[in-house]
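Structural characterization, general
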Amino acid sequence: MYTPEGYYSFDDLCKYAPSWTDTICFRKKLSAAPGSETPHRRDIIKRLVSDGFAASFSEAEFCLEICDLWLVANILDVFEVTLCSKSGVRMRCPKPLTAHGDAFDWWSWPLDSQKFGQSETHSYLHFYRDGNFRARDAWARFPAIDVDSGVIALKANSRNLFTGSSYGHGDEEIAEFFIEKHARPYLGWGICISPYELPEFEEELFGALGFFASSDDGYKTSHTKPASTHQAVMSCVEQAFPDGKGKATWADVEAKVGYSRRTIVRALRQRGLYEDWTARGQAGKR
């Protein structure tokens, strides 16, 4: 991959993600006190099983690996990504190129449920138990990213994956447009993020992704420009749907709130309200 000096590469994000997952899980899922030393992942896995979150050590490990993917996918969605050519040319990366084929930017945090396999992770756990699916298979479902090399690449199923992403909206013509206009001209370009784009401190990164947004656990999210944007979105959400999403479709929500689904979800996560707001008054699948 081609990464300018000082930039974070796609591989860097993949390497850092397990540590971030373990910290978030320890503080959020296991209610650890702020500043506590994060235990080894194997100890977290044991705790998840003993607490009844996962049915086995292997399923708990699989869940944490999916959380690693969730973090990378959402970082690529929230922050500005740069493409770099072999010759060092840089350009802003079109967002559809970094989207995941299963719309991870619309998923709730996999550890938010009472048990693994509820909410969006249901299909993943089902296929895992059938022996047909592993974390590496989920990572391979980026439509335009080769995760081994961290460069833009097309695959045999890229069209289907683009269709399933949050940008594809189930439309094959849109997927074809992404392939021809966004992906194909930049095949082989490396994915990276400027050091000025990612927050300097870990808790600020977590805050930008919707974690620890209140002072309940001793952390406060820095008041950056994205936070003020989230506040404006939340005002519209609360005015349009004060009692929660209920049975309204996302199309109705977008029309009444005046923002896209991804923007609304991001604002709700920033406040730690996503699960509660989407669940209130809702029967069945969200």
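Thresholds, definitions, all that
- Residues numbered from 1 in each chain as written.
- Predicted model: local features only at pLDDT ≥ 70, side-chain atom pairs only at ≥ 80, totals over all residues.
- Heavy atoms only, no water.
- Helix = DSSP H or I, 4+ residues; strand = E, 2+ residues; numbered from the N terminus.
- Buried < 20%, exposed > 50% of the residue type's maximum accessible area, 1.4 Å probe, protein only.
- Contact = heavy atoms within 4.5 Å.
- Areas by Shrake-Rupley, 256 points an atom, 1.4 Å probe, with all protein chains shown as cover.
- Arc of directions from axis to C-beta.
- Polar contact = N/O pair within 3.5 Å; in protein donor to acceptor, adjacent residues only side chain to side chain.
- Salt bridge = Lys/Arg side-chain N within 4 Å of Asp/Glu carboxyl O.
- Phe/Tyr/Trp six-rings, centres within 6.5 Å; stacked < 30°, edge-to-face > 60°.
- Axes fitted to C-alpha atoms, helices over the stretch in contact; angles between N-to-C directions.
- Left-handed = near helix turned anticlockwise from the far one by under 90°.
- Nonpolar A, V, L, I, M, F, W, Y, C, P; charged D, E, K, R; others polar.
- Core = buried A, V, L, I, M, F, W, Y, C linked by side-chain atoms within 4.5 Å.

Turning our eyes to something else, we now look at the overall build of the chain. For the chain, the helix and strand inventory stands at twelve helices and six strands. The burial tally for the chain puts 48% of its 286 residues in the buried class. Residue pairs at least 24 apart in sequence account for 66% of intrachain contacts in the chain once pairs closer than 6 positions are excluded. Total accessible area on the chain is roughly 14100 Å²; 48% of this is exposed by carbon and sulfur atoms.

Let us look at helix 7 (residues 172–183). Among all positions in helix 7, only Ala175, Phe178, Ile179 and Ala183 are buried. Seen along its axis, helix 7 keeps its buried residues to an arc of 95°; they face one direction. Exposed side chains of helix 7 directed beyond 90 degrees from the buried face belong to Glu173 and Lys181. Contact partners of the buried residues in helix 7: strand 5 (151–152) and helix 6 (158–164). Taking the backbone nitrogen of Glu173 as reference, a side-chain oxygen 2.8 Å away marks Asp171 as the first, capping residue of helix 7.

Further remarks concern the pattern of salt bridges. Throughout the structure, instances matching the rule amount to ten salt bridges. The partner of Asp11 in a salt bridge is Lys15, with the nearest N and O atoms 3.2 Å apart. One end of the pair is Asp11 and the other is Lys15, both in helix 1 (residues 10–29) and four residues apart, which spans about a single turn. For Lys15, a relative accessible area of 58% corresponds to the exposed category.

Let us look at the packing of aromatic side chains. Summed over the entire model, instances satisfying the criterion amount to 19 aromatic pairs. Taking 5.6 Å as the distance between ring centres and 55° as the angle between the ring planes, the aromatic pair formed by Phe162 and Phe178 counts as tilted. With Phe162 in helix 6 and Phe178 in helix 7, the pair connects residues that are 16 residues apart, well separated along the chain. Assessed through its relative accessible area of 7%, Phe178 is described here as buried.

A separate point is the packing of helix 2 (residues 41–50) against helix 3 (residues 57–78). Running from N to C, helix 2 and helix 3 cross one another at 115°; their axes reach a closest spacing of 9 Å. Crossing of helix 2 over helix 3 shows right-handed handedness. Listed contacts from helix 3 to Arg41, Ile44, Ile45, Lys46, Leu48 and Val49 of helix 2 are Phe57, Ala60, Glu61, Leu64, Glu65 and Asp68. A breakdown of the residues in the contact of helix 2 with helix 3 according to their chemical character gives seven nonpolar, no polar and five charged.

Moving on: the environment of Ala32. Secondary-structure assignment places Ala32 in the loop between helix 1 and helix 2. Discounting residues that sit within four places of it in the chain, Ala32 has contacts with Phe26 and Arg27.

Let's shift gears to the nonpolar core. Leu48, Ile75, Leu76, Leu111 and Phe211 are the most contacted members of the largest nonpolar core, which has 64 residues in total. When contributions to this core are tallied by element, the ones reaching two or more residues are helix 1, helix 2, helix 3, helix 4 (122–129), helix 5 (135–139), helix 7, strand 6 (190–193) and helix 8 (202–208). Take this core: its biggest share by element is 13 residues, from helix 3. Leaving out residues up to four positions away in the same chain, Leu48 has contacts with Cys25, Lys29, Leu30, Phe53, Ala54, Ala60, Leu64 and Leu111. Counting 14 residues, the second-largest nonpolar core is a separate cluster that includes Val233, Ile264, Val265 and Trp277.

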